[in-house]
Amino acid sequence: MSSQTSSHKPRVAVVFGGRSSEHAISVLTAGAVLRAIDREKYDVLPIGITTDGRWALTADDPDRMAITDRRLPSVAELAESAEGGVVLPVDPTNREVVYSEPGSVPKALGEVDVVFPVLHGPYGEDGTLQGLLELSGVPYVGSGVLASAVGQDKDYMKRVFASFGLPVGPYEVIRPREWEQDPAAARKKIVDFAGEHGWPLFVKPARAGSSMGISKVDDLSGLDEAIEEARSHDPKILVESLLRGREIECGVLEFEDGPRASVPAEIPPVTAHDFYDFEAKYIDSATGIVPAPLTAEQTAKIQELAVAAFEAASCEGLVRADFFLQDNGEFVINEINTLPGFTPISMYPRMWQESGVSYPELIDRLLRAALRRSTGLR
């Protein structure tokens, strides 16, 4: 970390956007985070990553990072230049961020003390950015390389949870080579799975979020279209059976004495949508119930499972854990999200607000937890 005096405020680089299909959601999240950071405590440097991977200097203007007339924002619209690029040196002895444009002398933007990555999906939430920051020796909010990768890949996530004895629902994986070399055999694998667990099925990308690319398939006639939709986001796909019950979420936050769970929330059935899909989450503003109407025993159980999932995947900072409370009264963990959304309607900050941690305090706690940690093995 750069040397700090009593007058030095930690410098936070908020990195957002990115190359994944969740680019716009990341911009929405960045707007909310920039609005919430206490400027009395922190200096802020917004850095956007365009869909083609260019690191751009952007305006510190949260109002432009919002959905307008159902149109999603992008880093390209926020960038101060169409060609300029920001460079973070891969050198743990140098945290000087540099900005350059073609034909101009590079300009030093100063040192960065901590990075707040609000990227969702591949190339940001999956351990790739975390690896770059480890090489650079810059502390960052959230989980490290392994936990980020596990949290992004639903296949290996479920394998890790099952190995720790956490309850996981039935699923099948179709890897890229299976579909490319013998689609008939891959299709039969799914049909056999449906024969064992019943229709409908959910077909989803193995490494995407924000309900991107997910299809509910009621019978064989819709299967190929659902597979192609999922594969447009990720060549590896996951097939899950329908779990009948209630959708319950729980937030986990790292405190000084370890991770704690928030009050849970319930995602009620969305009448205008088949399931809690992208449109329901971000365009039509589906509203969760916080706190979830659960018994004290059910609340305690889901909080216990959420922290256990956090620990099983070696997470740090924060996690949103998503569950199904089945009709038989048993919880099944669906997935964790190591960088959950922070949009104004996002469930993670709402759950912590209800748990007594305000939005600005939540951001402050995450930054302080990151500054306490070293990079490298820990």
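Preceding this paragraph is the structure being described.
My aim in this report is to walk through the structure given alongside it, one point at a time. (Residues numbered from 1 in each chain as written. Predicted model: local features only at pLDDT ≥ 70, side-chain atom pairs only at ≥ 80, totals over all residues. Heavy atoms only, no water.)

## Here's the deal with the sheet that holds strand β6 (residues 107–111)
Which entries qualify depends on this criterion: Should DSSP find at least two bridges between two strands, the strands are taken to pair. For helices the rule is a DSSP run of H or I covering at least 4 residues; for strands it is a run of E covering at least 2, with both sets numbered from the N terminus onward. Comment: axis = line fitted to C-alpha atoms, over the contacting stretch for helices; angle = value between 0 and 180 degrees taken between N-to-C directions.
Here three strands make up an open sheet; going across it, the order is β4-β5-β6 and the pairing antiparallel. On the outer flanks of this sheet lie β4 (85–87) and β6, each paired with one strand and no other. Shown here is a sheet whose adjacent strand axes are inclined to one another by a mean of 25 degrees, direction ignored. The pairing of strand β5 (residues 96–100) with β6 spans four bridges and is classified as antiparallel. Within β6, the position partnered with V98 by the bridge is A108.

## Details of the sheet that holds strand β11 (residues 237–241)
We apply this condition: When checking whether two residues touch, look at their non-hydrogen atoms; a contact exists if any pair is within 4.5 Å.
Spatial ordering of the open sheet is given by β8-β11-β9-β10, a layout of four strands whose pairing is antiparallel. In this open sheet, the two strands that pair with only one neighbour each are β8 (171–174) and β10 (215–217). The average angle at which neighbouring strand axes cross in this sheet is 25 degrees, direction not considered. Sheet analysis places strand β9 (residues 201–205) next to β10, joined by three bridges and oriented antiparallel. Along β10, the bridge assignment pairs F202 with K216. Of the strands in this sheet, β8, β9 and β11 touch helix α7 (residues 183–197), which is tilted by about 175 degrees from β8.

## Some words on the layout of surface pockets
Just so we agree on the cut-off: Cavities and pockets are defined on a 1 Å grid built over the protein atoms alone: a cavity is a set of grid points where a 1.4 Å probe fits but cannot escape, while a pocket is an open set with protein on both sides within 12 Å along at least five of seven lines, and lining residues are those with an atom within 4 Å of any such point. Grid points are joined across faces, edges and corners, and a volume is the space filled by probe spheres set on the points.
As a volume, the second largest pocket reaches approximately 220 Å³. Taken together, E134, Y140, G144, V145, L146, A147, S314, E316, G376, L377 and R378 make up the full set of residues lining the second largest pocket. The element best represented in the lining of the second largest pocket is helix α4 (residues 145–152), accounting for three residues.

## Concerning α7
Spelled out, the test is: Take the residue count of a helix, subtract one, and multiply by 1.5 Å to get its expected span. A simple rule labels every residue: compare its accessible area, found with a 1.4 Å probe on the protein chains alone, to the largest value its type can have, and call it buried under 20%, exposed over 50%, or partly exposed in between. Here the arc refers to the directions that run from the helix axis out to each C-beta atom.
In this model α7 runs 21 Å from its N-terminal to its C-terminal C-alpha over 15 residues, within 8% of the 21 Å that 1.5 Å per residue would give. Along α7, the residues classified as buried are A186, I190, F193 and A194. Buried residues along α7 cover an arc of 100 degrees about the axis, so they all sit on one side. In this structure, α7 carries K188, G195 and E196 as exposed residues pointing more than 90 degrees from its buried face. Buried positions along α7 lie against β8, α6 (176–181), β9, α8 (223–231) and β11. A positive phi of about 90 degrees marks G198, the residue just after α7.

## Points about the packing of aromatic side chains
Inclusion rule: Note on aromatic pairs: the rings of Phe, Tyr and Trp (six-membered ring only in Trp) are paired at centre separations within 6.5 Å, and the planes decide the class, stacked below 30 degrees, edge-to-face beyond 60, tilted for the rest.
Enumeration according to the criterion identifies five aromatic pairs in this entry. Considering the side-chain rings of F116 and F342, the 6.3 Å spacing of their centres and the 90 degrees angle between planes classify their relative orientation as edge-to-face. Residue F116 is located in strand β7 (residues 114–117), and its partner F342 is located in the loop between β16 (331–337) and α11 (347–354); the two are separated by 226 residues in the primary sequence. The residues F116 and F342 share a single accessibility class, namely buried. Ring geometry for F342 and Y359: centres 6.2 Å apart, planes at 15 degrees, overall stacked. Placement of the pair is F342 in the loop between β16 and α11 and Y359 in helix α12 (residues 359–372), with a sequence separation of 17 residues. The exposure class of Y359 is buried, given its relative accessible area of 18%. One aromatic cluster is present, formed by F116, F342, Y348 and Y359 through successive ring pairs.

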